[in-house]
Amino acid sequence: MRKTFLILGIVLVCFTCLNNQKKSNKNLIVGSSSAKINKEDLAPLYLDLKEEYKELSNRVIQPAEGYLEYPYLIPAGFYKQMWDWDGFFMGNYFISKGKPEYLKYWALNFIIGIDDEGYVSGCATTKGPRPIFGKFAMKPFLSQGVYLSSKKMDDFNWIKPYYSQLKKVLKYREKTQQDSVTGLFYWDIAMQSGVDNNPGMNYFVKDTRSFLAPDASAWQYREYLAQAAISEKLGEEQDAKEYTQKAKNLKVAINKVLWSNDDKVYYTVDRETGNFYKRISFSSFVPLLAGIPSQENGTETIEKYLIQPEHMKAKYGYRSLSALDPDYNNKNIIVPFSNWQGPVWPIANYIYSVGLKKYGFDGELHWLGKTLGALLLEDIKKYNTMHENYHADSGKALAPSNDHVDKDGNVVGFISWNLCVENILDGVVNDNWMLLDIE
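Anyway, here's the lowdown on the structure attached to this text. (Residues numbered from 1 in each chain as written. Predicted model: local features only at pLDDT ≥ 70, side-chain atom pairs only at ≥ 80, totals over all residues. Heavy atoms only, no water.)

Let us look at unusual backbone geometry. Cis geometry marks the peptide bond from Ala399 to Pro400, where omega comes out at -10°. In this fold, Pro400 is placed in the loop between helix H13 (362-383) and helix H14 (421-430). Of note, Leu436 is a non-glycine position whose phi angle comes to about 60°, a positive value. Among the secondary structure elements, Leu436 is positioned in the segment after H14. (Helix = DSSP H or I, 4+ residues; strand = E, 2+ residues; numbered from the N terminus.)

Structure, rendered in structure tokens:
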């Protein structure tokens, strides 16, 4: 009998230890989202970065010239052109600074370039549109930009003359980049997505495969929501219903086709085979920004991948590709395309931050604001500019390399959407979040 009690006692102790260990492990992950956070410790960092950005942000604004009829936004440094998603995120940064007109100007400059089919190039210069790799269109951001700028200005009437053109752009994308079987969207090539060498897609012209993509479909989902909201504001009730339904259908398809319930992550899917292409990259997490996964699924993919050091979380921010991917690297690549195979991109981290906020990971946001804010502030103080991306494990500034200098010998660097890092810190310190909500 004593032996039986002894065994039972050992079993009970082991069970209790195991249960406590599970709770402890859970707290290691969830604690990052629920622990009490001292916001005030990041206030000095936020104020320092905000002050530096007052001057840096002026460098991305260009006066109207030539083909570009309105003031336009450039990434600055290495790039002098107007780009689609660079301008969208910069425009939203300026919205957060009380200057929504710049996002409106961004939209108008792209609207000028819409052709009879509904095609519009994702890049424009003072001399005209700049088509790249044939006729792939700009990324799905135009209706979102129109909506968000109009919402902040409390003025939707200016859209009326361009309303039919916005619809034409959406129709063109459906014609050229929507899969007829699943209803999901794909890029012609990874470089169209802006994530130039994403291993989860085809990024060489000779690679003729195409992939149903979480980012392409999530951005298009938001385009439908934005166009539905615009239609409603302009009294186009039938259009509003149709675009709302398209958004609902697309959300269902994203979760049905691109979500792996076994692996708890969104993958790209090979259009030819219908199989998951199991690469965990930046595009796997864009649906979080759009609020597409359920609370349970969103939480699981963040806990299993985004905040795990063996996958996306590095010493200096969140990576652009899982560290377990066979192609993971931190090479300094900008020509012929930029490197999204590992380095920390500030814009990717801003996009992740919106998902982290929506799914309740406040502790991770505190870490991210502190980590990325300090990294960029150090870069600014050293070079009086920033860079496109940074070595995930050493923090070294990568592209463009420091041999790119101006006529005075100054490193040209890169500003662009890095400005959105201020918005992460503003959210953490002041609870003033830029979540790009479409209501």
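Now for the sheet that holds strand E4 (residues 123-125). The sheet built from three strands is open, its strands ordered E3-E4-E5 with antiparallel pairing. If you trace the sheet from one side to the other, it starts and ends with strand E3 (82-83) and strand E5 (128-129), each paired once. As defined by bridge partners, E4 adjoins E5 across two bridges and the pair is classed as antiparallel. Residue Thr125 lies in a different strand from E5, and its bridge partner there is Gly128. (Pairing = 2+ DSSP bridges.)

Among the nonpolar cores identified, the biggest contains 139 residues, and Tyr53, Phe89, Leu142 and Tyr350 are the most heavily contacted of them. With nine residues, helix H8 (residues 214-233) is the single largest residue contributor to this core. In this structure Tyr53 touches Tyr93, Leu376, Ile380, Met386, Asn418, Leu419, Val421 and Glu422, once residues within four positions along its chain are discounted. (Core = buried A, V, L, I, M, F, W, Y, C linked by side-chain atoms within 4.5 Å. Buried < 20%, exposed > 50% of the residue type's maximum accessible area, 1.4 Å probe, protein only. Contact = heavy atoms within 4.5 Å.)

With that settled, the discussion passes to the pattern of salt bridges. Following the criterion strictly, the structure yields 19 salt bridges and no others. Close ionic contact of Glu52 with Lys381 constitutes a salt bridge, the shortest N to O distance being 3.4 Å. Linking Glu52 in helix H2 (residues 43-56) with Lys381 in helix H13, this pair joins segments that are 329 residues apart in sequence. Take Glu52: its relative accessible area is 24%, and that puts it in the partly exposed class. Two residues, Arg319 and Asp393, come together in a salt bridge whose shortest N-O distance is 3.1 Å. With Arg319 in the loop between strand E12 (317-318) and helix H12 (346-358) and Asp393 in the loop between H13 and H14, this pair connects stretches of sequence that are 74 residues apart. Connected through salt bridges with shared partners, the residues Arg279, Asp325 and Asp327 form a single ionic network. (Salt bridge = Lys/Arg side-chain N within 4 Å of Asp/Glu carboxyl O.)

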